[in-house]
Amino acid sequence: MTAPTDVLLVIGSGQQRYREYLLAGAAERHPLWLIDATEPTWQLPHLTGSSVVPLLDRTRLIPDRDRLLGTALRLATSHRIAGVLTYDETLVTTAALIAEKLGLPGLTTDGADRCRNKHRTRAALTLAGLPQPRYALALTLDEAREAATAIGFPMVLKPRGMGASIGVVRVDDADGLDDAFTMAERAGHGGSPDYEGGVLLEEFLTGPEISIDGACLDGTYRPMFLARKQTGMEPYFEETGHVVDADDALLRDPELLRILTTAHQALSVSTGITHTEVRFTTKGPVIIEVNARLGGDLIPWLGELATGIRPGRVAVELALGLRPDLTPTERRATGIRFSYPPQDCRVEEVSVPATDPSRGLLYAEPIADPGAELRLPPHGYLGRYAYVVCAGEDRAECERRLDAASAATNLTYTPAT
């Protein structure tokens, strides 16, 4: 069989439950060649070809950047590489490096790092004159204690290079600082060694939080869809749900759009998809972070269900250097709600309600299998046992349906010892 000559490289594929819809949408737009840490299984129907580059450290999910780059360069000798994309947080800088070396559209490695490194993000946004919390980077507990004096309580501590709110905690007074620093610093060692070590201390800002998945082409930013975020388990920031409304008025808010555009320029985000988190505070909209990838937690899927915009397809078109069509073809609200146990536990059984699209319950899925151990912060993160996805004419109707579907989701468990 003759090898294909025109492919788009996908670096990493993620978990099937959370990412297959993106891979499927991307494959509809262009032939894909996957470079991943293991042999493809569920990915095969969406691929033209694949290469395997094992992780340097499977426990910490550390990619082998040199081998990934070498594999991509070798493929370029036998195929025409049309573009490079990833939706994996641990691989955004590597994907940017590959695109850079091959002379293809995409983020620069500097732009990807400015997004990945939360301390660099804060510094760049401050320099651009955007409202920011008081902040400092502390490498040691002594530095954290000194910085806390200047920042004041309450404050938020977070690792400088993790995602999904892992290791993020609010501290209300000096008595809780030492333990919070130790926890956040430890969490920062769960990913790439490029970003381990160091904790970002930030002034605690109150107000509702949103996320925006947007498209940037040659420095021009456009939003695709906006999600209203729910968090829980204070003083931690576990993300418990999201709602996307295709007609959300914030998508047309001039001040929010100005801040988003300015932030992307400040971070040198040229071409690619981003997932930006914003909190509405007494200072106005404040950027929490800009991620150089599509959002997690199935938010882009909610966006697709709500608007008809195919995020996987948009990601490919940007990787090809093309201007995507972001015109909505659907107009509704869709949301997801994750179910967490009341305490650390071992799962015995999970039951979910039957789907009923006529009443807006689109999906209801168990996440945790019998025997699984679920840990809540600070002992673990993302200890979910199920999720439900609902739709409604507007956000209020969607949230009512999410409440009812979540109430019908049940967990039988044994408390952890």
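The structure this text deals with has already been given above.
Everything numeric in this text was worked out from a predicted model, so none of it was measured.

## Here's the deal with the sheet that holds strand 7 (residues 169–171)
No. 1: The sheet built from four strands is open, its strands ordered 5-8-6-7 with antiparallel pairing. Looking at strand neighbours, the two that pair on one side only are strand 5 (135–138) and strand 7, the edges of this open sheet. Within this sheet the neighbouring strands show an average axis-to-axis angle of 25°, counted without direction.
No. 2: In this sheet, strand 7 lies alongside strand 6 (residues 155–159) in antiparallel orientation, the contact comprising three bridges. Note on strand 7: the bridge partner recorded for Val-156 is Arg-170.

## Let's talk about the packing of helix 3 (residues 92–102) against helix 4 (residues 109–116)
No. 1: Running from N to C, helix 3 and helix 4 point in directions that differ by 170°, and their axes come no closer than 8 Å. Considering their axes alone, helix 3 and helix 4 lie roughly antiparallel with respect to each other. Residues Val-92, Thr-93, Ala-96, Leu-97 and Glu-100 of helix 3 touch helix 4, and the partners they reach there are Thr-109, Ala-112, Asp-113 and Arg-116.

## Thoughts on the nonpolar core
No. 1: The biggest cluster of nonpolar side chains holds 44 residues, and the ones touching the most others in it are Leu-8, Val-10, Leu-85, Met-224, Val-314 and Val-389.
No. 2: Val-389 has contacts with Trp-301, Leu-302, Leu-305, Gly-335, Ile-336, Gly-360, Leu-361, Leu-362, Tyr-363 and Leu-402, leaving out every residue within four places of it along the chain.
No. 3: Judged by nonpolar contacts, the second largest core, of 26 residues, contains Ala-124, Leu-125, Leu-250 and Val-269.

## What to know about the packing of helix 4 against helix 5 (residues 118–127)
No. 1: Their axes nearest at 5 Å, the elements helix 4 and helix 5 cross at an angle of 100°. On the basis of the axis angle, helix 4 is roughly perpendicular to helix 5. Taking contact as the criterion, the partners of Asp-110, Asp-113, Arg-114, Cys-115 and Arg-116 in helix 4 are, on helix 5, Lys-118, Arg-120, Thr-121 and Ala-124.
No. 2: For the contact of helix 4 with helix 5, the residue count by class is two nonpolar, one polar and six charged.

## Remarks on helix 3
No. 1: Burial analysis of helix 3 places eight of its eleven residues in the buried class, which makes it a mostly covered element.
No. 2: Here helix 3 has its buried residues at Val-92, Thr-93, Thr-94, Ala-95, Ala-96, Leu-97, Ile-98 and Ala-99.
No. 3: Check the buried side of helix 3 and you find it contacts strand 1 (6–11), helix 2 (65–75), strand 4 (80–85) and helix 4.
No. 4: Among the residues trailing helix 3, Gly-103 stands out with phi positive, at a value near 70°.

## Description of the sheet that holds strand 11 (residues 238–245)
No. 1: What the eight strands build is an open sheet, ordered 13-12-9-10-11-14-18-16; its pairing is antiparallel. Because the sheet does not close on itself, it has two edges, and the strands there are strand 13 (284–291) and strand 16 (361–366). Taken over all neighbouring pairs, the strand axes of this sheet differ in orientation by 25° on average, direction set aside.
No. 2: Pairing of strand 9 (residues 209–217) with strand 10 (residues 220–232), which is carried by eight bridges, proceeds in the antiparallel orientation. Bridge pairing in strand 10 links Leu-217 to Thr-220.
No. 3: This element, helix 10 (residues 311–319), spans strand 9, strand 10 and strand 12 (272–281) of the sheet and lies at about 120° to strand 12.

## Focus on the environment of Leu-326
No. 1: Examined against the element boundaries, Leu-326 turns out to sit in the loop between helix 10 and strand 14 (333–339).
No. 2: C-alpha of Leu-326 to C-alpha of Thr-149: the two residues are 177 residues apart in sequence and 46 Å apart in space.
No. 3: Filtering out sequence-adjacent residues up to four positions away, Leu-326 remains in contact with Ala-215, Arg-222, Pro-223, Met-224, Ile-309 and Val-314.

## Regarding the pattern of salt bridges
When charged atoms on two side chains of opposite charge get close, those side chains can pair.
No. 1: Applying the stated rule across the entire model yields 34 salt bridges.
No. 2: Its salt-bridge partner being Glu-399, residue Arg-395 comes within 4.0 Å of it at the nearest N-O pair. Placement of the pair is Arg-395 and Glu-399 together in helix 11 (residues 395–407), with a separation of four residues, close to one helical turn.
No. 3: With a relative accessible area of 29%, Arg-395 lands in the partly exposed category.
No. 4: Salt bridges linked by common partners bring Glu-209, Lys-229, Glu-239, Glu-277 and Arg-279 together as one network.

Scoring rules and cut-offs
- Throughout this document, residue positions are counted from 1 along each chain, in the order its sequence is written.
- Local features in this predicted model are restricted to residues whose pLDDT is 70 or higher, and side-chain atom pairs enter the listing and the counts only when it is 80 or higher, whereas totals over whole chains, interfaces and linings include all residues.
- To obtain the side-chain values, all non-hydrogen atoms of the structure were included, while hydrogens and water were left out.
- When DSSP finds two or more bridges between a pair of strands, those strands are recorded as paired.
- In DSSP terms, a helix is any run of H or I states spanning at least four residues, a strand is any run of E spanning at least two, and both are numbered starting from the N terminus.
- Throughout, an axis means a line fitted to C-alpha atoms (over the contacting stretch in the case of helices), and angles, computed between N-to-C directions, take values from 0 to 180 degrees.
- When an angle is under 35 degrees it counts as roughly parallel; over 145 it counts as roughly antiparallel; between 65 and 115 it counts as roughly perpendicular; any other value is oblique.
- In what follows, residue pairs with any heavy atoms lying within 4.5 Å of each other are defined as contacts.
- Among buried residues, those of type Ala, Val, Leu, Ile, Met, Phe, Trp, Tyr and Cys that are joined through side-chain atoms within 4.5 Å constitute a nonpolar core.
- For the exposure calls, accessible area comes from a 1.4 Å probe over protein chains only, and a residue counts as buried if that area is under 20% of its type's maximum, exposed if over 50%, partly exposed in between.
- Nonpolar residues are Ala, Val, Leu, Ile, Met, Phe, Trp, Tyr, Cys and Pro. Charged residues are Asp, Glu, Lys and Arg, and all others, Gly as well, are polar.
- Only one rule defines a salt bridge in this text: a Lys or Arg side-chain nitrogen within 4 Å of an Asp or Glu carboxyl oxygen.

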